[in-house]
Amino acid sequence: MRQKRLGDILIASGALTQAQLDEALKNKKPGERIGETLINQGYITQQDVINSLQQQLGIDYIDLTKTSIDPSMSKYIPKQLAKETSIVPVRESNGNLFLAMADPLNFMALEQARNTSKRNVIPMIAKKEAVDHAINVLYENVSATEAMAQMRAEAGFSPDQIDTAEETPAAEEGPTIRLVNSIFDRALDENCSDIHIEPVGDHMDIRMRIDGRLHKTLEIPHDLIDPVISRIKVMSRMNIVEKRIPQDGRIDYQDRNGAPVDMRVNTLPTIYGEKIVVRILGRNKQMLTRKGIGMIFDEDNEKLDRLLANTSGVIMIVGPTGSGKSSTMFTLLQELISESVNVVTLEDPVEYNIPGATQVQINEKVGLTFASGLRAILRQDPDIICVGEIRDGETAEIAMRAAITGHLVITTIHTEDAVSAIDRLKDMGVEPYLISAGLRGIISQRLVRRVCQHCRQEYTPDPKLVSLSGINAYPGRKYYHGVGCDQCFHTGYRGRIGAFEILPMNDELRRCITSNVDKQTFRETAQKSAHYTTMLQHADKLAEEGITTVEEICRTIMVTD
C-alpha cells in the first residue's frame, strides 16, 4: 500500500488515463496533493477516488453522516492535527484506531496519527466535506460537553460572576465562555442563519436554522441555563438582571479565521424562562451575484437589466421574512455602485457592509426612523437610495416622491406576490397617482431548497402533489429529487435558490393602477403587455432543470388565483 500512488491506482482502475495524469502533474500547485489537483481540474470526482481505492486496495468507505462518533475519540487525535490533515477518529477496538480520511494515502498524516494516538491506525475513506463536518461536530461537542462538566464542577457561582472578558486566550477562558463560543462556532460551520436558544422545562434546546429548517444540535441541562443566557446577554450588552421584558442586542463575533461576524440578538420572556434568538448577518456576501441568488434565466436577467438601466423610480423587492429580499437588494446595489454615484442606505439592521455606500442604521429610540431618515437622505444629494423596508405610509409616500424627483430607490416590503404589493401601498394610504408615477418595477421572490447534485435522481412524484403544486405536468415530463447522501447529510437538498417574478411597469399597467382595477384584471394585463412570468412559472423551470422538487414548490410557492 505504501508503494502505490494514487495516480497509478486510478489508472489501474480505469478512472484516469496516463495523459490526464501527466497534464495534472504539470499543472499541480505547490503543496497541493495530486488527488486535489485531479478533482479541481475535472479529470476525476471524489467518488472515482473512493471506488478506485475500494477496488484496488480494499480500503473501506465510511458514510460519516450515518455514523455516531463517541466524543471520547477526541482523546486520540488532537483537534489541530485532525483539521490540518483532514482525519477524524471513528472508533477504537483492540488497540486499532479507525480513522476516516479524505486521502487515505496521506502516509505522513497516518504516521502522525499513529505516533500521537499510540495505536495501530486503520484508514477508511470518506468524502472531504463529510470529514470536515465530522471534525467540527466531534470537537465542538467535546468542547461543549467539557465546558458543561466544568461548569457543574464549579457549581455555586452566580451568573453575576460570569467572566465578561471579550478577548481571552482559549486556555484561560471560563467554561461558560467556551460553551457559548462552541455553539456559535458550530452555527458558523453549519452555515446557519439563526440560532434558537430555548428553555423547554427541565433543559434548554439549541436549534439552528439551516437551509430554512430548524435542526436540534445540543441540549443543555436546566442548572446551566442561567449562566449561558447571562453570558449571551453580556456579549450583547444587555441588562442581565432584567428578565421580564424583551431586549435587543448585538454581538461582534469573530469566526475561526478571525473574520468579523455580526450577530443580532433578541430575548423573549417565556413560561420556562428567557428564549434567545441570534440572527447571523453578512455571512454569505460572496454569494451576492445574480447567479448566486438564483437569477439564472436569460428572460429574468433581461428584465432586471431594463429596470436597472433607469436612473429614477422605485424598484420594490417583495416577499415574506426570510425569502432573500436583502440579498437581492444588495446584489443590485453592488452592480450600481461606482465612484460617480452617491449611494445611501437606510437599514434595520445593517446586514452587509457595502464598500462605496453610505449606510445608516435605524434607531427608533432616538427618533431615527425610516421616514425621518429618508427625509434627511434627500438632503445628502443622493443618486441611489436603498430603504431596507417600507413599514408605513409616510415612508412609502416619501420614497415615491423621491423617485418622481429623479432618484433611484430600491426597497423591500412584505407581501405575497408582485401584484399584491400595489394593493399594499394603497392600503398604506399612498395615492394611486404617486404609485403609478414613481413605481419602476417589482421583484417578488421565495427561497426554495436546491436538490443535492451529488445524489440527484429521476423519480416519479406523488400525482396529488403535482396537481397541488400547479406546475405544468405535461406527458413525459421528467422530475428529479435527491435520494440523500453524505454530501447533503441525507436530506436530499443542499443550499437554496431564489424563485422570482419580475414585473416591470408600463403605460397600460400604470393606467390599471390609477383606475383601481382588481388584482385578477391587473395580472391578466401584466401577462399580456409586460410578458409577466409568475413565480410559479419560474419555480416550474427550476424543477424542470432538476434544481428543485415538486415537494419544495408545494411547500414554498403560494399559488394565487
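Refer to the structure printed above.
Quick caveat: nothing in here was measured; it's all calculated off a predicted structure.

Each value, and the rule that gives it
- Residues numbered from 1 in each chain as written.
- Predicted model: local features only at pLDDT ≥ 70, side-chain atom pairs only at ≥ 80, totals over all residues.
- Heavy atoms only, no water.
- Helix = DSSP H or I, 4+ residues; strand = E, 2+ residues; numbered from the N terminus.
- Rg over C-alpha atoms; globule rule 2.2 N^0.38 Å.
- Buried < 20%, exposed > 50% of the residue type's maximum accessible area, 1.4 Å probe, protein only.
- Contact = heavy atoms within 4.5 Å.
- Areas by Shrake-Rupley, 256 points an atom, 1.4 Å probe, with all protein chains shown as cover.
- Lys, Arg positive; Asp, Glu negative; His and termini not counted.
- Charge placed at Lys NZ, Arg CZ, Asp CG, Glu CD.
- Arc of directions from axis to C-beta.
- Salt bridge = Lys/Arg side-chain N within 4 Å of Asp/Glu carboxyl O.
- Pairing = 2+ DSSP bridges.
- Axes fitted to C-alpha atoms, helices over the stretch in contact; angles between N-to-C directions.
- Phe/Tyr/Trp six-rings, centres within 6.5 Å; stacked < 30°, edge-to-face > 60°.
- Lys NZ or Arg CZ within 6 Å of the ring centre and 35° of its normal.
- Disulfide = S-S within 2.5 Å.
- Core = buried A, V, L, I, M, F, W, Y, C linked by side-chain atoms within 4.5 Å.
- Polar contact = N/O pair within 3.5 Å; in protein donor to acceptor, adjacent residues only side chain to side chain.
- Parallel < 35°, antiparallel > 145°, perpendicular 65-115°, else oblique.
- Nonpolar A, V, L, I, M, F, W, Y, C, P; charged D, E, K, R; others polar.

Turning to the overall build of the chain, a few remarks are in order. Within the chain one finds 21 helices and 18 strands. Taking 561 residues into account, the globule formula puts the C-alpha radius of gyration at 24 Å, and the chain, at 27 Å, falls close to it. Its C-alpha atoms put the chain at 80 × 65 × 50 Å along the principal axes. Buried residues in the chain amount to 51% of all 561 residues. A sequence separation of at least 24 residues applies to 66% of the contacts in the chain between residues at least 6 apart. In the form shown here, the chain has an accessible surface area of approximately 26300 Å², with 47% of it arising from carbon and sulfur atoms. Here the chain contributes 65 positive and 77 negative side-chain charges, whose respective centroids are spaced 2 Å apart.

Phe-522, Arg-523, Thr-525 and Ala-526 are the residues of helix 19 (residues 519-529) that are buried. Relative to the axis of helix 19, the buried residues are bounded by an arc of 165° and lie together on one face. The inward-facing, buried residues of helix 19 abut helix 15 (418-427), strand 18 (493-504) and helix 18 (507-515). In the segment just after helix 19, His-531 is the residue with positive phi, at about 50°.

Okay, the pattern of salt bridges next. Applying the stated rule across the entire model yields 30 salt bridges. Across the pair Lys-216 and Asp-205 runs a salt bridge whose closest N-O atoms are separated by 3.1 Å. Of this pair, Lys-216 sits in strand 6 (residues 213-221) while Asp-205 sits in strand 5 (residues 203-210), placing them eleven residues apart in sequence. By relative accessible area, which is 12% here, Asp-205 ends up buried. Here Arg-555 and Glu-552 are joined by a salt bridge, their closest N and O atoms 2.8 Å apart. Remark: Glu-552 and Arg-555 occur in helix 21 (residues 550-556); sequence separation between them is three residues, near one turn of the helix. One salt-bridge network, in which partners are shared between bridges, spans Arg-250, Asp-252, Asp-262 and Arg-264.

Read from one edge of the open sheet, seven strands run 12-11-13-14-10-15-18, paired in mixed fashion. Each edge of the open sheet is held by one strand with a lone partner, namely strand 12 (357-361) and strand 18. Averaged over all neighbouring strand pairs, the angle between strand axes comes to 20°, with direction disregarded. Pairing between strand 10 (residues 313-318) and strand 14 (residues 408-413): six bridges, direction parallel. Within strand 14, the residue paired with Val-314 across the bridge is Val-409.

Moving on: helix 20 (residues 535-544). Most of helix 20 sits out of view: seven of its ten residues are buried. Packed against the buried residues of helix 20 are helix 11 (298-309), strand 15 (439-451), helix 17 (463-469), strand 17 (479-482), strand 18 and helix 21. Once helix 20 ends, the next one or two residues include Gly-546, with phi positive near 80°.

Here we take up the pairing of strand 9 (residues 273-281). Pairing between strand 4 (residues 194-199) and strand 9: four bridges, direction antiparallel. Looking at the pairing, Ile-197 lines up with Ile-276 of strand 9. Relative to strand 9, strand 8 (residues 260-270) is paired through nine bridges, and the arrangement is antiparallel. If you follow Val-265 over to strand 9, its bridge partner there is Val-278. Linking strand 8 to strand 9, which pair antiparallel, is a turn of two residues.

Moving on to the packing of aromatic side chains. This structure, assessed with the given rule, holds two aromatic pairs. Relative to Tyr-253, the ring of Phe-184 has its centre 5.3 Å away and its plane inclined at 85°; by these criteria the two rings are edge-to-face. Of this pair, Phe-184 sits in helix 8 (residues 175-189) while Tyr-253 sits in strand 7 (residues 247-254); the two residues are 69 residues apart in sequence, bridging distant segments of the chain. Given a relative accessible area of 0%, Phe-184 falls into the buried group. Taking the ring centre of Tyr-480 as reference, the NZ or CZ of Arg-456 above it sits at 4.5 Å. The ring of Phe-297 has Lys-541 sitting right over it, with the charged end atom 5.3 Å from the ring centre.

Okay, the state of the cysteines next. Under the defined criterion, the tally for this structure stands at zero disulfides. Cys-455 carries a free sulfur, and the closest cysteine sulfur to it, the one in Cys-485, is 3.8 Å from it.

Reading across the sheet, the six strands line up as 6-5-4-9-8-7 and stay open at both edges, with antiparallel pairing between neighbours. In this open sheet, the two edge strands, each paired with only one partner strand, are strand 6 and strand 7. Adjacent strand axes in the sheet meet at a mean angle of 20° when their direction is disregarded.

Within the largest apolar cluster, 41 residues are counted, with the highest numbers of intra-cluster contacts made by Leu-439, Leu-503 and Phe-522. With six residues, the single largest contributor to this core is helix 14 (residues 393-404). If sequence neighbours within four positions are ignored, Leu-439 has contacts with Val-314, Met-316, Met-400, Ile-422, Leu-434, Met-505 and Arg-510. Ranked by size, the runner-up nonpolar core spans 34 residues in total, among them Ala-147, Ile-210, Tyr-253 and Ile-276.

Moving on, we get to the pairing of strand 1 (residues 87-93). Sheet faces and side chains relate simply in a regular strand, where the side chains alternate between the two faces. Pairing between strand 1 and strand 2 (residues 96-101): six bridges, direction antiparallel. Counterpart to Arg-91 in the pairing with strand 2 is Phe-98.

So, on to the side chain of Thr-525. Residue placement: Thr-525 occurs in helix 19. Take Thr-525: its relative accessible area is 15%, and that puts it in the buried class. Here Thr-521 takes part through its backbone oxygen, which lies 2.9 Å from a polar atom of the side chain of Thr-525. When near neighbours in sequence (up to four residues on either side) are disregarded, Thr-525 contacts Glu-508, Leu-509, Cys-512 and Ala-530.

What follows covers the environment of Ser-326. The topology assignment puts Ser-326 in helix 12 (residues 325-336). Separated by 86 residues in sequence, Ser-326 and Thr-412 have C-alpha atoms that sit 7.9 Å apart. Among the polar contacts listed, one links the side chain of Ser-326 to the side chain of Glu-351, at a separation of 3.2 Å.

Relative orientation of the contacting elements helix 8 and helix 9 (residues 225-235) amounts to 75°, with a least axis distance of 10 Å. With respect to helix 9, the axis of helix 8 lies roughly perpendicular. Of helix 9, the residues touching helix 8 (which contributes Thr-176, Ile-177, Leu-179, Val-180, Asn-181 and Phe-184) are Pro-227, Val-228, Arg-231, Ile-232 and Met-235. Grouping the constituent residues of the contact of helix 8 with helix 9 by class yields eight nonpolar, two polar and one charged.

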